[in-house]
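So you can see what is in the structure, the chains are spelled out below.
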Amino acid sequence: MSSAAAALPLHRIRIINDASVSKSTKMTQFKFLIKKFDTLPTARNHCVPIEFTFNGHKWILGVYPGGLGVSANGYVSIYLGLCAEVNIAVTFAVALLDKFGHPKRVRRINHRFDGTGVIKKLPSSGWNDFIAHSDILDASKNILGDDDELTLVVSIEIEQPATAFVPIDAKHTLVKMIQGMFRDQETADVLFEVSKMEANEDGTKRGKSYVHFPAHRSILQGCAPMLAALFGTSNKGELATVAVHDVKPKVFRHLLWYVYGGTVSNEALKADAKDIIDTADKYSIAGLKLAAEAALVESTNITVENAIDNLLYADSKNLAVLKEAVVDFLVDNGKEVSSKASFNDLPGHVVKDVLVATARKEDKKRDADDIDMMRVSELRRKLHQKGLDVDGSREAMIDALKSNSF
(Lines give C-alpha, C1' and ligand atoms only; values in the text may rest on other atoms or scores of the structure.)
Protein backbone atom coordinates (compact mmCIF):
# COMPACT_ATOMS: atom_id res chain seq x y z
CA MET A 1 0.00 0.00 0.00
CA SER A 2 1.04 3.64 -0.30
CA SER A 3 3.04 5.51 2.30
CA ALA A 4 -0.18 7.12 3.48
CA ALA A 5 -1.50 3.79 4.68
CA ALA A 6 -2.33 3.75 8.36
CA ALA A 7 -3.71 0.75 10.17
CA LEU A 8 -6.85 1.38 12.15
CA PRO A 9 -7.02 0.21 15.76
CA LEU A 10 -8.25 -3.38 15.90
CA HIS A 11 -11.52 -2.36 17.51
CA ARG A 12 -12.35 -0.25 14.43
CA ILE A 13 -12.31 -3.20 11.99
CA ARG A 14 -14.36 -6.32 12.63
CA ILE A 15 -14.03 -9.55 10.60
CA ILE A 16 -17.43 -11.25 10.58
CA ASN A 17 -16.31 -14.53 9.03
CA ASP A 18 -12.68 -15.34 8.40
CA ALA A 19 -13.57 -17.26 5.22
CA SER A 20 -16.66 -18.85 3.76
CA VAL A 21 -17.55 -20.29 0.36
CA SER A 22 -20.44 -18.82 -1.62
CA LYS A 23 -22.96 -21.51 -2.62
CA SER A 24 -23.82 -19.70 -5.85
CA THR A 25 -20.37 -18.62 -7.11
CA LYS A 26 -18.10 -21.09 -5.23
CA MET A 27 -15.80 -18.11 -4.44
CA THR A 28 -14.22 -17.68 -1.00
CA GLN A 29 -15.73 -14.72 0.82
CA PHE A 30 -14.51 -12.42 3.57
CA LYS A 31 -16.80 -9.95 5.33
CA PHE A 32 -15.42 -6.83 6.98
CA LEU A 33 -17.07 -4.07 9.07
CA ILE A 34 -15.34 -0.71 9.43
CA LYS A 35 -16.70 1.17 12.46
CA LYS A 36 -17.21 4.96 12.49
CA PHE A 37 -16.47 5.22 8.80
CA ASP A 38 -17.75 8.83 8.84
CA THR A 39 -14.79 9.88 11.04
CA LEU A 40 -12.03 8.46 8.78
CA PRO A 41 -9.64 10.97 7.15
CA THR A 42 -10.57 11.91 3.60
CA ALA A 43 -7.18 13.12 2.46
CA ARG A 44 -6.28 11.79 -1.00
CA ASN A 45 -4.10 8.63 -0.94
CA HIS A 46 -4.86 7.97 2.73
CA CYS A 47 -5.34 4.19 2.98
CA VAL A 48 -7.19 2.10 5.51
CA PRO A 49 -5.59 -1.36 5.09
CA ILE A 50 -7.53 -4.48 6.01
CA GLU A 51 -5.43 -7.65 6.21
CA PHE A 52 -6.69 -11.21 5.63
CA THR A 53 -5.24 -14.58 4.65
CA PHE A 54 -6.21 -16.56 1.57
CA ASN A 55 -4.51 -19.45 -0.24
CA GLY A 56 -1.65 -19.36 2.26
CA HIS A 57 -0.75 -15.70 1.56
CA LYS A 58 -1.46 -12.38 3.25
CA TRP A 59 -3.67 -10.00 1.28
CA ILE A 60 -4.60 -6.38 1.93
CA LEU A 61 -7.83 -4.69 0.99
CA GLY A 62 -6.98 -1.00 0.72
CA VAL A 63 -9.86 1.38 1.34
CA TYR A 64 -9.19 5.04 0.44
CA PRO A 65 -12.01 7.22 1.86
CA GLY A 66 -10.65 10.29 0.03
CA GLY A 67 -9.70 8.53 -3.18
CA LEU A 68 -6.42 7.39 -4.70
CA GLY A 69 -4.30 8.95 -7.43
CA VAL A 70 -6.45 10.20 -10.27
CA SER A 71 -9.80 9.24 -8.80
CA ALA A 72 -12.59 11.76 -9.16
CA ASN A 73 -13.02 14.20 -6.30
CA GLY A 74 -15.23 12.89 -3.55
CA TYR A 75 -14.98 9.23 -4.51
CA VAL A 76 -13.82 6.27 -2.40
CA SER A 77 -11.17 4.03 -4.00
CA ILE A 78 -10.78 0.34 -3.20
CA TYR A 79 -7.82 -1.82 -4.20
CA LEU A 80 -6.60 -5.33 -3.48
CA GLY A 81 -2.94 -6.12 -2.86
CA LEU A 82 -1.02 -9.38 -2.40
CA CYS A 83 1.82 -9.38 0.12
CA ALA A 84 3.85 -12.16 -1.49
CA GLU A 85 6.35 -12.36 -4.34
CA VAL A 86 4.34 -14.92 -6.28
CA ASN A 87 2.75 -15.02 -9.70
CA ILE A 88 -0.93 -15.82 -9.36
CA ALA A 89 -4.12 -14.98 -11.28
CA VAL A 90 -7.36 -14.36 -9.42
CA THR A 91 -10.92 -13.30 -9.95
CA PHE A 92 -12.14 -11.06 -7.16
CA ALA A 93 -15.15 -8.92 -6.40
CA VAL A 94 -15.90 -6.30 -3.76
CA ALA A 95 -19.46 -5.72 -2.61
CA LEU A 96 -20.61 -2.81 -0.46
CA LEU A 97 -23.69 -3.77 1.57
CA ASP A 98 -26.30 -1.52 3.11
CA LYS A 99 -27.29 -1.86 6.75
CA PHE A 100 -29.92 -4.44 5.77
CA GLY A 101 -27.34 -6.69 4.11
CA HIS A 102 -28.35 -5.82 0.53
CA PRO A 103 -25.63 -5.05 -2.03
CA LYS A 104 -25.50 -1.36 -2.99
CA ARG A 105 -22.43 -1.55 -5.22
CA VAL A 106 -20.61 -4.62 -6.60
CA ARG A 107 -17.49 -4.52 -8.75
CA ARG A 108 -15.65 -7.50 -10.20
CA ILE A 109 -12.28 -7.87 -11.92
CA ASN A 110 -9.71 -10.41 -13.10
CA HIS A 111 -6.07 -9.70 -12.30
CA ARG A 112 -2.70 -11.42 -12.31
CA PHE A 113 -0.50 -10.60 -9.33
CA ASP A 114 3.16 -10.92 -10.31
CA GLY A 115 4.82 -9.97 -7.03
CA THR A 116 5.74 -6.42 -8.04
CA GLY A 117 3.02 -4.82 -5.94
CA VAL A 118 4.59 -5.90 -2.66
CA ILE A 119 8.05 -4.82 -3.83
CA LYS A 120 6.91 -1.32 -4.86
CA LYS A 121 4.43 -1.11 -1.97
CA LEU A 122 1.71 -0.06 -4.38
CA PRO A 123 -1.90 -1.23 -4.65
CA SER A 124 -2.19 -3.83 -7.40
CA SER A 125 -5.72 -3.83 -8.78
CA GLY A 126 -9.04 -2.21 -8.03
CA TRP A 127 -11.23 0.80 -8.69
CA ASN A 128 -10.46 4.52 -8.39
CA ASP A 129 -14.12 5.56 -8.32
CA PHE A 130 -15.78 2.74 -6.38
CA ILE A 131 -18.56 4.87 -4.85
CA ALA A 132 -19.15 8.50 -3.94
CA HIS A 133 -18.18 9.24 -0.34
CA SER A 134 -21.31 11.37 0.00
CA ASP A 135 -23.50 8.41 -0.97
CA ILE A 136 -22.07 6.40 1.92
CA LEU A 137 -22.85 9.18 4.39
CA ASP A 138 -26.32 9.86 2.95
CA ALA A 139 -28.74 8.56 5.60
CA SER A 140 -31.50 8.13 3.02
CA LYS A 141 -29.41 5.47 1.25
CA ASN A 142 -29.20 3.34 4.44
CA ILE A 143 -25.60 2.31 3.83
CA LEU A 144 -23.98 2.84 7.23
CA GLY A 145 -25.20 0.60 10.01
CA ASP A 146 -25.04 0.83 13.78
CA ASP A 147 -22.02 2.75 15.06
CA ASP A 148 -21.70 4.09 11.46
CA GLU A 149 -20.33 0.73 10.27
CA LEU A 150 -19.45 0.21 6.61
CA THR A 151 -19.81 -3.38 5.44
CA LEU A 152 -17.61 -4.78 2.66
CA VAL A 153 -17.56 -8.33 1.29
CA VAL A 154 -14.55 -9.55 -0.67
CA SER A 155 -15.04 -12.62 -2.90
CA ILE A 156 -11.96 -14.22 -4.39
CA GLU A 157 -10.90 -17.34 -6.25
CA ILE A 158 -7.74 -18.57 -7.92
CA GLU A 159 -8.00 -18.88 -11.69
CA GLN A 160 -7.06 -22.42 -12.71
CA PRO A 161 -4.68 -22.82 -15.64
CA ALA A 162 -6.38 -23.90 -18.86
CA THR A 163 -6.09 -27.60 -19.58
CA ALA A 164 -4.75 -28.81 -22.87
CA PHE A 165 -7.46 -29.41 -25.45
CA VAL A 166 -7.54 -33.00 -26.62
CA PRO A 167 -10.06 -33.80 -29.38
CA ILE A 168 -12.37 -36.61 -28.34
CA ASP A 169 -11.77 -38.42 -31.62
CA ALA A 170 -8.09 -38.73 -30.75
CA LYS A 171 -9.01 -40.82 -27.72
CA HIS A 172 -11.53 -43.05 -29.47
CA THR A 173 -9.98 -43.82 -32.84
CA LEU A 174 -10.51 -47.57 -32.44
CA VAL A 175 -14.14 -47.21 -31.34
CA LYS A 176 -14.83 -44.85 -34.22
CA MET A 177 -13.24 -47.29 -36.66
CA ILE A 178 -15.35 -50.20 -35.38
CA GLN A 179 -18.53 -48.12 -35.53
CA GLY A 180 -17.64 -47.23 -39.10
CA MET A 181 -17.71 -50.94 -39.94
CA PHE A 182 -21.32 -51.30 -38.77
CA ARG A 183 -23.34 -52.94 -41.59
CA ASP A 184 -20.43 -52.48 -44.00
CA GLN A 185 -21.12 -54.96 -46.80
CA GLU A 186 -17.69 -54.68 -48.39
CA THR A 187 -15.72 -55.83 -45.35
CA ALA A 188 -18.35 -58.12 -43.75
CA ASP A 189 -17.74 -61.87 -43.66
CA VAL A 190 -21.02 -62.92 -41.98
CA LEU A 191 -24.65 -61.97 -42.57
CA PHE A 192 -27.71 -61.98 -40.31
CA GLU A 193 -31.04 -62.35 -42.09
CA VAL A 194 -33.63 -61.06 -39.62
CA SER A 195 -37.17 -62.01 -40.56
CA LYS A 196 -39.93 -59.44 -40.72
CA MET A 197 -43.61 -60.30 -40.98
CA GLU A 198 -45.30 -58.38 -43.80
CA ALA A 199 -48.97 -57.45 -43.56
CA ASN A 200 -51.65 -56.49 -46.06
CA GLU A 201 -53.58 -53.24 -45.84
CA ASP A 202 -56.40 -55.03 -44.01
CA GLY A 203 -53.98 -56.28 -41.37
CA THR A 204 -53.79 -59.90 -42.54
CA LYS A 205 -50.37 -61.51 -42.73
CA ARG A 206 -48.84 -61.58 -46.19
CA GLY A 207 -45.61 -63.43 -45.46
CA LYS A 208 -42.05 -62.90 -44.35
CA SER A 209 -39.33 -60.67 -45.68
CA TYR A 210 -35.78 -60.33 -44.41
CA VAL A 211 -33.68 -57.38 -43.27
CA HIS A 212 -29.96 -57.97 -43.82
CA PHE A 213 -27.30 -57.09 -41.26
CA PRO A 214 -23.75 -57.65 -42.55
CA ALA A 215 -21.28 -58.17 -39.71
CA HIS A 216 -17.71 -59.21 -38.89
CA ARG A 217 -16.88 -62.51 -37.26
CA SER A 218 -13.85 -61.09 -35.40
CA ILE A 219 -15.90 -58.31 -33.78
CA LEU A 220 -18.66 -60.72 -32.80
CA GLN A 221 -16.17 -63.18 -31.33
CA GLY A 222 -14.68 -60.46 -29.14
CA CYS A 223 -17.85 -58.60 -28.14
CA ALA A 224 -20.77 -61.01 -28.61
CA PRO A 225 -19.56 -64.64 -28.55
CA MET A 226 -23.08 -66.07 -28.60
CA LEU A 227 -23.89 -64.22 -31.82
CA ALA A 228 -20.59 -65.41 -33.32
CA ALA A 229 -21.42 -68.98 -32.34
CA LEU A 230 -24.48 -68.92 -34.61
CA PHE A 231 -22.11 -69.16 -37.60
CA GLY A 232 -20.12 -72.10 -36.28
CA THR A 233 -16.37 -72.35 -36.77
CA SER A 234 -16.23 -72.82 -40.54
CA ASN A 235 -14.65 -69.99 -42.47
CA LYS A 236 -14.01 -70.84 -46.11
CA GLY A 237 -13.89 -67.26 -47.36
CA GLU A 238 -17.52 -67.07 -48.48
CA LEU A 239 -20.14 -64.97 -46.70
CA ALA A 240 -21.62 -67.09 -43.89
CA THR A 241 -25.36 -66.50 -43.40
CA VAL A 242 -27.72 -67.25 -40.54
CA ALA A 243 -31.46 -66.54 -40.21
CA VAL A 244 -32.90 -64.92 -37.08
CA HIS A 245 -36.64 -65.38 -36.63
CA ASP A 246 -37.45 -64.37 -33.06
CA VAL A 247 -36.22 -60.75 -32.96
CA LYS A 248 -37.71 -57.64 -34.52
CA PRO A 249 -35.34 -56.02 -37.04
CA LYS A 250 -35.22 -52.70 -35.23
CA VAL A 251 -34.42 -54.46 -31.94
CA PHE A 252 -31.70 -56.50 -33.63
CA ARG A 253 -30.29 -53.29 -35.09
CA HIS A 254 -30.04 -51.79 -31.55
CA LEU A 255 -28.34 -54.98 -30.37
CA LEU A 256 -25.77 -55.07 -33.18
CA TRP A 257 -25.10 -51.32 -33.01
CA TYR A 258 -24.36 -51.70 -29.28
CA VAL A 259 -21.98 -54.59 -30.05
CA TYR A 260 -20.14 -52.28 -32.46
CA GLY A 261 -19.61 -49.72 -29.71
CA GLY A 262 -22.65 -47.56 -30.39
CA THR A 263 -25.04 -46.03 -27.88
CA VAL A 264 -28.77 -46.75 -27.96
CA SER A 265 -30.77 -43.64 -27.07
CA ASN A 266 -32.85 -43.62 -23.92
CA GLU A 267 -35.97 -42.98 -26.02
CA ALA A 268 -35.29 -46.13 -28.07
CA LEU A 269 -34.61 -48.13 -24.92
CA LYS A 270 -37.91 -47.03 -23.38
CA ALA A 271 -39.86 -47.69 -26.58
CA ASP A 272 -38.74 -51.33 -26.86
CA ALA A 273 -37.43 -52.03 -23.37
CA LYS A 274 -38.78 -55.55 -22.89
CA ASP A 275 -37.91 -56.70 -26.41
CA ILE A 276 -34.38 -55.36 -26.00
CA ILE A 277 -34.05 -57.00 -22.58
CA ASP A 278 -35.25 -60.35 -23.95
CA THR A 279 -32.86 -60.22 -26.92
CA ALA A 280 -29.88 -58.94 -24.95
CA ASP A 281 -30.51 -61.60 -22.31
CA LYS A 282 -30.72 -64.34 -24.95
CA TYR A 283 -27.40 -63.37 -26.54
CA SER A 284 -25.64 -62.35 -23.27
CA ILE A 285 -25.17 -58.66 -24.09
CA ALA A 286 -25.23 -57.65 -20.42
CA GLY A 287 -24.52 -53.94 -20.81
CA LEU A 288 -27.43 -53.39 -23.18
CA LYS A 289 -29.71 -55.46 -20.99
CA LEU A 290 -28.91 -53.33 -17.93
CA ALA A 291 -29.38 -50.10 -19.91
CA ALA A 292 -32.79 -51.28 -21.11
CA GLU A 293 -33.70 -52.34 -17.58
CA ALA A 294 -32.86 -48.84 -16.27
CA ALA A 295 -35.04 -47.31 -18.99
CA LEU A 296 -37.86 -49.71 -18.14
CA VAL A 297 -37.73 -48.81 -14.44
CA GLU A 298 -37.71 -45.12 -15.32
CA SER A 299 -40.74 -45.42 -17.60
CA THR A 300 -42.80 -47.91 -15.57
CA ASN A 301 -45.47 -46.65 -13.19
CA ILE A 302 -45.74 -49.44 -10.64
CA THR A 303 -49.27 -49.86 -9.30
CA VAL A 304 -51.15 -52.32 -7.15
CA GLU A 305 -52.62 -53.83 -10.31
CA ASN A 306 -49.32 -54.46 -12.12
CA ALA A 307 -46.87 -54.93 -9.24
CA ILE A 308 -47.00 -58.74 -9.17
CA ASP A 309 -46.69 -59.08 -12.96
CA ASN A 310 -43.67 -56.75 -12.95
CA LEU A 311 -42.15 -58.70 -10.08
CA LEU A 312 -42.56 -62.03 -11.85
CA TYR A 313 -41.07 -60.62 -15.05
CA ALA A 314 -38.14 -59.08 -13.18
CA ASP A 315 -37.47 -62.34 -11.36
CA SER A 316 -37.58 -64.39 -14.57
CA LYS A 317 -35.04 -62.14 -16.34
CA ASN A 318 -32.80 -61.39 -13.32
CA LEU A 319 -33.70 -57.71 -13.50
CA ALA A 320 -32.50 -56.88 -10.03
CA VAL A 321 -33.15 -53.11 -10.19
CA LEU A 322 -36.73 -53.54 -11.42
CA LYS A 323 -37.29 -56.25 -8.83
CA GLU A 324 -35.98 -53.96 -6.09
CA ALA A 325 -38.28 -51.14 -7.25
CA VAL A 326 -41.33 -53.42 -7.16
CA VAL A 327 -40.42 -54.87 -3.77
CA ASP A 328 -39.98 -51.35 -2.36
CA PHE A 329 -43.46 -50.53 -3.68
CA LEU A 330 -44.90 -53.62 -2.00
CA VAL A 331 -43.31 -52.69 1.33
CA ASP A 332 -44.50 -49.08 1.11
CA ASN A 333 -48.04 -50.10 0.13
CA GLY A 334 -48.34 -53.37 2.01
CA LYS A 335 -51.86 -52.93 3.31
CA GLU A 336 -53.42 -52.07 -0.05
CA VAL A 337 -51.41 -54.66 -1.96
CA SER A 338 -52.22 -57.47 0.48
CA SER A 339 -55.95 -56.86 0.07
CA LYS A 340 -55.99 -56.59 -3.74
CA ALA A 341 -53.10 -58.58 -5.21
CA SER A 342 -52.63 -62.33 -5.53
CA PHE A 343 -49.36 -63.83 -4.30
CA ASN A 344 -50.05 -67.40 -5.40
CA ASP A 345 -47.55 -67.38 -8.28
CA LEU A 346 -44.66 -65.76 -6.44
CA PRO A 347 -41.58 -67.98 -5.93
CA GLY A 348 -40.54 -68.49 -2.33
CA HIS A 349 -37.15 -66.77 -2.65
CA VAL A 350 -38.88 -63.41 -3.21
CA VAL A 351 -39.74 -63.39 0.49
CA LYS A 352 -36.09 -62.66 1.29
CA ASP A 353 -36.14 -59.60 -0.96
CA VAL A 354 -39.22 -58.33 0.87
CA LEU A 355 -37.53 -58.87 4.25
CA VAL A 356 -34.42 -57.01 3.12
CA ALA A 357 -36.47 -54.07 1.83
CA THR A 358 -38.43 -53.96 5.10
CA ALA A 359 -35.26 -54.02 7.21
CA ARG A 360 -33.67 -51.33 5.03
CA LYS A 361 -36.71 -49.10 5.46
CA GLU A 362 -36.84 -49.52 9.23
CA ASP A 363 -33.10 -49.26 9.90
CA LYS A 364 -32.09 -45.83 8.60
CA LYS A 365 -28.75 -45.96 10.46
CA ARG A 366 -27.57 -49.28 9.04
CA ASP A 367 -23.92 -49.91 8.24
CA ALA A 368 -23.23 -48.55 4.74
CA ASP A 369 -20.78 -51.42 4.14
CA ASP A 370 -23.30 -54.16 5.00
CA ILE A 371 -23.41 -56.07 1.71
CA ASP A 372 -26.62 -57.91 2.63
CA MET A 373 -28.50 -54.58 2.95
CA MET A 374 -26.97 -52.78 -0.05
CA ARG A 375 -28.99 -51.43 -2.93
CA VAL A 376 -28.64 -53.26 -6.23
CA SER A 377 -26.91 -50.35 -7.93
CA GLU A 378 -24.23 -50.28 -5.23
CA LEU A 379 -23.73 -54.04 -5.50
CA ARG A 380 -23.27 -53.70 -9.26
CA ARG A 381 -20.82 -50.84 -8.77
CA LYS A 382 -18.68 -52.91 -6.44
CA LEU A 383 -18.79 -55.91 -8.79
CA HIS A 384 -17.76 -53.71 -11.72
CA GLN A 385 -14.84 -52.30 -9.73
CA LYS A 386 -13.63 -55.85 -9.09
CA GLY A 387 -14.06 -56.83 -12.74
CA LEU A 388 -16.87 -59.28 -11.94
CA ASP A 389 -20.14 -60.00 -13.76
CA VAL A 390 -22.83 -57.44 -12.87
CA ASP A 391 -25.76 -59.25 -14.50
CA GLY A 392 -27.51 -61.52 -12.06
CA SER A 393 -29.91 -61.77 -9.18
CA ARG A 394 -29.32 -59.90 -5.95
CA GLU A 395 -28.37 -63.12 -4.20
CA ALA A 396 -25.85 -64.02 -6.93
CA MET A 397 -24.23 -60.59 -6.71
CA ILE A 398 -23.92 -60.79 -2.93
CA ASP A 399 -22.38 -64.27 -3.14
CA ALA A 400 -19.89 -63.08 -5.77
CA LEU A 401 -18.81 -60.13 -3.63
CA LYS A 402 -18.40 -62.26 -0.51
CA SER A 403 -16.39 -64.85 -2.47
CA ASN A 404 -14.08 -62.12 -3.77
CA SER A 405 -13.84 -59.95 -0.68
CA PHE A 406 -10.05 -60.11 -0.52
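In the annotation of an unreviewed UniProt entry, the entry for the protein reads BTB/POZ and MATH domain-containing protein, and the organism field reads Skeletonema marinoi.

Caption draft 1: Structural detail: empty space enclosed by the protein. Considering all chains together, one arrives at one cavity of 30 Å³ or more under this definition. If you add up the space inside the largest cavity, you get close to 150 Å³. Lining of the largest cavity is provided by 17 residues; of these, Ala-320, Lys-323, Glu-324, Asp-353 and Arg-394 occupy positions nearest its centre. Counting only elements with at least two residues in the lining of the largest cavity, the list comes to α11 (307–316), α12 (320–332), α14 (350–362) and α16 (394–403). Grouping the constituent residues of the lining of the largest cavity by class yields seven nonpolar, two polar and eight charged.

Caption draft 2: Unusual backbone geometry, seen in detail. Phi angles above zero are rare outside glycine, and Lys-36 is one such case at about 50°. Within the fold, Lys-36 resides in the loop between β2 (28–34) and β3 (48–54). According to the relative accessible area criterion, Lys-36 is partly exposed, its value standing at 38%. Phi angles above zero are rare outside glycine, and Ser-284 is one such case at about 60°. Relative to the elements of secondary structure, Ser-284 occurs in the loop between α9 (273–282) and α10 (286–299).

Caption draft 3: Region of interest: the nonpolar core. Core analysis: the largest hydrophobic core is formed by 53 residues, its most contacted members being Phe-192, Leu-220, Leu-227 and Phe-252. Excluding residues within four positions of it along the chain, Leu-220 makes contact with Val-190, Phe-192, Ala-215, Pro-225, Leu-227, Ala-228, Phe-231, Leu-256 and Val-259. Counting 33 residues, the second largest nonpolar core, distinct from the first, contains Val-76, Leu-96, Ile-143 and Leu-150.

Caption draft 4: View of the packing of helix α15 (residues 376–385) against α16. For the pair α15 and α16, interaxial distance at closest approach is 10 Å and the crossing angle is 40°. The orientation of α15 relative to α16 falls into the category oblique. α15 and α16 meet at a crossing whose hand is left-handed. Between α15 and α16, the residues in contact are Val-376, Leu-379, Arg-380, Lys-382 and Leu-383 and Arg-394, Met-397, Ile-398, Ala-400 and Leu-401, respectively. Of the residues belonging to the contact of α15 with α16, the class tally is seven nonpolar, no polar and three charged.

Caption draft 5: View of the side chain of Asp-328. Relative to the helices and strands, Asp-328 resides in helix α12. Among the residues examined, Asp-328 registers a relative accessible area of 18% and is labelled buried. There is a polar contact of 2.5 Å between the side chain of Asp-328 and the side chain of Arg-375. Aside from chain neighbours lying at most four places away, what touches Asp-328 is Ala-357, Arg-360 and Arg-375.

Caption draft 6: Up close: the layout of surface pockets. Roughly 170 Å³ of internal volume is contained in the second largest pocket. Going through the elements one at a time, α10 and α15 are the ones with two or more residues in the lining of the second largest pocket. Of all the elements, α10 adds the most residues to the lining of the second largest pocket, at four residues. Taken together, the residues of the lining of the second largest pocket sort by class into four nonpolar, one polar and three charged.

Caption draft 7: A look at the packing of aromatic side chains. Within this structure, the stated rule accounts for 13 aromatic pairs. Ring centres of Phe-30 and Phe-52 lie 4.6 Å apart, and the angle between their planes is 40°; on these two criteria the pair is classed as tilted. Separated by 22 residues along the polypeptide, Phe-30 in strand β2 and Phe-52 in strand β3 bring together distant segments of the chain. Over the face of the ring belonging to Tyr-313 we find Lys-274, whose NZ or CZ atom lies 4.5 Å from the ring centre.

So, how was this worked out
Residues numbered from 1 in each chain as written. Predicted model: local features only at pLDDT ≥ 70, side-chain atom pairs only at ≥ 80, totals over all residues. Heavy atoms only, no water. 1 Å grid on protein atoms, 1.4 Å probe; cavity = no way out; pocket = protein on both sides within 12 Å on 5 of 7 lines; lining within 4 Å. Points joined across faces, edges and corners; volume = space filled by probe spheres on them. Helix = DSSP H or I, 4+ residues; strand = E, 2+ residues; numbered from the N terminus. Nonpolar A, V, L, I, M, F, W, Y, C, P; charged D, E, K, R; others polar. Buried < 20%, exposed > 50% of the residue type's maximum accessible area, 1.4 Å probe, protein only. Core = buried A, V, L, I, M, F, W, Y, C linked by side-chain atoms within 4.5 Å. Contact = heavy atoms within 4.5 Å. Axes fitted to C-alpha atoms, helices over the stretch in contact; angles between N-to-C directions. Parallel < 35°, antiparallel > 145°, perpendicular 65-115°, else oblique. Left-handed = near helix turned anticlockwise from the far one by under 90°. Polar contact = N/O pair within 3.5 Å; in protein donor to acceptor, adjacent residues only side chain to side chain. Phe/Tyr/Trp six-rings, centres within 6.5 Å; stacked < 30°, edge-to-face > 60°. Lys NZ or Arg CZ within 6 Å of the ring centre and 35° of its normal.

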